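# A closer look at the structure
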Amino acid sequence: QVQLVESGGGSVQPGDSLRLSCAVSGRTLDSDVMGWFRQAPGKEREFLGHIIWRFSTTVYANSVKGRFTISRDNVQNTVYLQLNRLTPEDTAVYFCAVRPLLKVKYEVWGRGTQVSVSS
């Protein structure tokens, strides 16, 4: 059974940084894409970026490019999302998800981790 478990969220102040983790079990990711998303209260889910596991190639949404960074640890089967210069607008539940490289739809999702930014 494939499981994705996010961690690392919390309550921080504007300007702070956080690193989120997404640990993957039950699946070999060599032919997969790992994506990060977020959903703020009352808003639709937003794509943040993804990493093509085999090549460690990343793509980011324009809204977070330059502030957020995705990386992965092949040994730990974990993907990370580094969040820098956080603002209250970044408050949301952050999710990771996985899909095969040649498919568009993400197949398995984590339960999310809450990030709250306020002064």
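Below is a summary of the structure that appears in this document. None of these values were measured; they are calculated from a predicted model.

Scoring rules and cut-offs
- Residues numbered from 1 in each chain as written.
- Predicted model: local features only at pLDDT ≥ 70, side-chain atom pairs only at ≥ 80, totals over all residues.
- Heavy atoms only, no water.
- Helix = DSSP H or I, 4+ residues; strand = E, 2+ residues; numbered from the N terminus.
- Contact = heavy atoms within 4.5 Å.
- Patch = residues over 30% accessible without salt bridge, like charges linked within 9 Å, V, L, I, M, F, W, Y side chains within 5 Å.
- Areas by Shrake-Rupley, 256 points an atom, 1.4 Å probe, with all protein chains shown as cover.
- Salt bridge = Lys/Arg side-chain N within 4 Å of Asp/Glu carboxyl O.
- Buried < 20%, exposed > 50% of the residue type's maximum accessible area, 1.4 Å probe, protein only.
- Pairing = 2+ DSSP bridges.
- Axes fitted to C-alpha atoms, helices over the stretch in contact; angles between N-to-C directions.

Relative to the assigned elements, Arg27 resides in the loop between β3 (18-25) and β4 (32-39). Those residues in contact with Arg27, other than ones at most four positions away along the chain, are Val2, Asp32, Asn77, Val98, Arg99, Pro100, Glu107 and Val108.

Once that is clear, we can look at a nonpolar patch on the surface. Among the surface-exposed residues, Phe55, Leu101 and Leu102 lie close enough to one another that they form a single nonpolar patch of about 370 Å² accessible area. Among the secondary structure elements, Phe55 is positioned in the loop between β5 (46-52) and β6 (57-60).

Turning to the environment of Leu83, a few remarks are in order. Following the sequence through the fold, Leu83 ends up in strand β8 (residues 78-83). Relative accessible area serves as the criterion here: at 0%, Leu83 is assigned to the buried category. The spatial distance from the C-alpha of Leu83 to the C-alpha of Gly26 is 27 Å, given a sequence separation of 57 residues.

So, about unusual backbone geometry. One non-glycine residue, Ser56, lies in the positive phi region at around 60 degrees. Not every positive phi belongs to a glycine, and Arg85 is a case in point at roughly 50 degrees. Examined against the element boundaries, Arg85 turns out to sit in the loop between β8 and β9 (92-100).

A separate point is the sheet that holds β3. Across the sheet, which stays open at both edges, the 4 strands sit in the order β1-β3-β8-β7 with antiparallel pairing between neighbours. On the outer flanks of this sheet lie β1 (3-7) and β7 (68-73), each paired with one strand and no other. Ignoring which end each strand starts from, the neighbouring axes of this sheet average 20 degrees apart. Where β3 meets β8, 6 bridges bridge the pair, whose relative direction is antiparallel. Its bridge partner lying in β8, Leu18 is registered against Leu83.

This brings us to the pattern of salt bridges. The tally for this structure, following the rule as stated, stands at 7 salt bridges. Residue Asp30 pairs with Arg54 through a salt bridge whose shortest N-O separation is 3.2 Å. Of the two residues, Asp30 sits in the loop between β3 and β4 while Arg54 sits in the loop between β5 and β6, which places them 24 residues apart along the sequence. A relative accessible area of 39% means that Asp30 is categorised as partly exposed. With a relative accessible area of 44%, Arg54 lands in the partly exposed category.

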